[in-house]
Amino acid sequence: MRIELNGATVETAAATLAALIEEQGFDAASVATAMDGQFVPLATRGTVELHDSAKVEVLSPMQGG
Amino acid sequence: MFYGIDLQSRLMLGTAQYPSPQVLRDAIAASGAEVITVSLRREGAGGDAFRDILKQSGCRILPNTAGCHTVQEAVTTAQMARELFGTSWIKLEVIGHADTLQPDPFALVEAARILAADGFEVFPYTTEDLIVGEKLIEAGCQVLMPWGAPIGSGQGLRHREALKTMRAHFPDIPLVVDAGIGAPSQAMAAMEMGFDAVLLNTAVAKALDPVAMARAFGQAVAAGRAAHDAGLMPRRDMAVASTPIFGMADLA
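Reading guide: rules and limits
- Residues numbered from 1 in each chain as written.
- Chains lettered and ligands numbered in written order.
- Predicted model: local features only at pLDDT ≥ 70, side-chain atom pairs only at ≥ 80, totals over all residues.
- Heavy atoms only, no water.
- UniProt positions renumbered as here; feature names shortened; annotations may be inferred.
- Contact = heavy atoms within 4.5 Å.
- Buried area = accessible area lost by both parts, 1.4 Å probe.
- Polar contact = N/O pair within 3.5 Å; in protein donor to acceptor, adjacent residues only side chain to side chain.
- Helix = DSSP H or I, 4+ residues; strand = E, 2+ residues; numbered from the N terminus.
- Pairing = 2+ DSSP bridges.
- Axes fitted to C-alpha atoms, helices over the stretch in contact; angles between N-to-C directions.
- Buried < 20%, exposed > 50% of the residue type's maximum accessible area, 1.4 Å probe, protein only.
- Core = buried A, V, L, I, M, F, W, Y, C linked by side-chain atoms within 4.5 Å.
- Parallel < 35°, antiparallel > 145°, perpendicular 65-115°, else oblique.
- Left-handed = near helix turned anticlockwise from the far one by under 90°.
- Arc of directions from axis to C-beta.

For chain B, an unreviewed UniProt entry supplies the name Thiazole synthase and the organism Thalassovita mangrovi. Looking at chain B in UniProt, the text filed under Function (unreviewed entry) is "Catalyzes the rearrangement of 1-deoxy-D-xylulose 5-phosphate (DXP) to produce the thiazole phosphate moiety of thiamine. Sulfur is provided by the thiocarboxylate moiety of the carrier protein ThiS. In vitro, sulfur can be provided by H(2)S." Per UniProt, chain B carries the Pathway (unreviewed entry) text "Cofactor biosynthesis; thiamine diphosphate biosynthesis."

The name given to chain A in an unreviewed UniProt entry is Sulfur carrier protein ThiS, with Thalassovita mangrovi as the source organism.

Visitor: What exactly am I supposed to notice about the interface of chain A and chain B here?
Guide: One frequent convention defines the size of an interface as the accessible area lost when the parts assemble. Residue-level contacts link 23 residues of chain A with 25 residues of chain B. Regarding the contact of chain A and chain B, the summed buried area is about 2,100 Å², with carbon and sulfur atoms giving 58% of it. Sorting the residues of chain A by area buried against chain B places Pro61, Met62 and Gly65 of chain A first, and these three jointly supply 32% of that buried surface. Inspection of the region where chain A meets chain B yields 15 residue pairs in polar contact (both at pLDDT 80 or more). For the side of chain A that touches chain B, the secondary structure elements donating two or more residues are β3 (32-35), β4 (38-40) and β5 (55-63) of chain A.

Visitor: I tried to follow the sheet that holds strand β6 (residues 145-146) of chain B on my own but got confused; where do I start?
Guide: Residues and elements named next belong to chain B. The sheet built from 3 strands is open, its strands ordered β4-β5-β6 with parallel pairing. For this open sheet the edge positions go to β4 (89-92) and β6, each flanked by a neighbour on one side alone. Set on the sheet, helix α4 (residues 105-117) makes contact with β4 and β5 (121-126); between it and β5 the angle comes to about 175°.

Visitor: Help me understand the UniProt feature "active site" (unreviewed entry) in chain B, please; the structure alone is not making it clear to me.
Guide: Sequence positions flagged by UniProt for "active site" (unreviewed entry) are, in local numbering, Lys91 of chain B. Along the chain, Lys91 of chain B falls in strand β4. The class of Lys91 of chain B is buried, set by a relative accessible area of 3%. Sequence-distant contacts of Lys91 of chain B, that is, excluding residues within four places in its chain, are made with Gly65 of chain A together with Thr37, Leu62, Pro63, Asn64, Thr65, Phe123, Met145, Asp178 and Leu199 of chain B.

Visitor: Which parts of the structure should I look at to understand the nonpolar core?
Guide: Note on soluble globular proteins: their nonpolar side chains tend to be buried together. Phe2, Met12, Leu92 and Val122 of chain B are the most contacted members of the largest nonpolar core, which has 82 residues in total. Top element by residues in this core is helix α3 (residues 71-85) of chain B. It accounts for 8 residues. Those residues within four positions of Val122 of chain B in sequence are excluded, and the remaining contacts are Tyr3, Ile90, Leu92, Ala112, Leu115, Ala116, Cys141 and Val143 of chain B. Judged by nonpolar contacts, the second largest core, of 15 residues, contains Ile3, Leu5, Val48 and Val56 of chain A.

Visitor: How should the packing of helix α7 (residues 184-192) of chain B against helix α9 (residues 210-230) of chain B be read in this particular structure?
Guide: The description of two packed helices rests on the angle between their axes and on the distance between the axes. Residue and element names in this part refer to chain B. Contact pair α7 / α9: the axes reach a minimum separation of 7 Å and the direction vectors enclose 25°. Compared by their axis directions, α7 and α9 come out roughly parallel. The handedness of the crossing between α7 and α9 comes out as right-handed. Contact residues: Pro184, Ala187, Met188, Met191 and Glu192 in α7; Met213, Ala216, Phe217, Ala220, Val221, Ala223, Gly224, Arg225, Ala227 and His228 in α9.

Visitor: How should I be thinking about helix α2 (residues 47-57) of chain B in this particular structure?
Guide: Taken residue by residue, α2 of chain B has Gly47, Phe50, Arg51, Ile53 and Leu54 of chain B as its buried positions. End-on view of α2 of chain B: buried residues confined to an arc of 155°, all on one side of the axis. Within α2 of chain B, the exposed residues directed more than 90 degrees away from the buried face are Asp48, Lys55 and Gln56 of chain B. On its buried side, α2 of chain B packs onto β5 of chain A together with α1 (21-31), β2 (35-42), β3 (60-63) and α3 of chain B. Of the residues one or two after α2 of chain B, Gly58 of chain B is the one with positive phi, at around 70°.

Below, the structure written as structure tokens:
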């Protein structure tokens, strides 16, 4: 399945958002996730199924003003 | 009081654009700030180091929704920030114009209403418009953050009289001048006018010596607040001699 991860097209075998986070090597507890513009809490990532061309954002703390 | 939190230092400091992580760390310490702002972005290099700085600073974290132009973007970003930083504080920015980075007041009020209802403690980045301020309060905001000038411009208090009016109009709402401050004198002026805090970033981060400038801002904000508390003398149009005339010698 092809999805968009942080703006880049990615081919993934993961079925859920939690599996994608694991597959892509993110530290699950230190990122926040959204799919198709909607926030997905850490606790529900395992039940959120990916779909073709899903837009996934995985964000971390960064400098800001 | 900012959502029940009393702060000793009334300077809130941004964490972006510093020449190095070490300078950022030292600048936070030198400023005396107890609140620092952060953002959420796609993971890049140096993510772990930044997380360490946040922890070690001992500061309260105020995540922002910088760069968001729609209600949906801002609300989703706020929700992600709440989970990641473990705080319901959110500096709500909904930008309406790319050149001025002026807030979009309509989207701002809508996003504030959604977030306040969801338990967020919203710090809305707004203008000095009184009606927008009232709508934000009605939406659930207990703090307002009017701009001094466009973000990063260093122009200071561009609408000084309007800010004075805003202070008078909302005597019981904590007001923070956020953005556009370029010099400690401008931060001090805002504090002398009775604002509850000042939030800035670029003026410190882009100074030749950010750590020394952070210290200068900390001192200016403290002095401005002390001056306000002490009660400034009324301004007069004409001179009034301070030395008594009584007892003066006749030497003419």
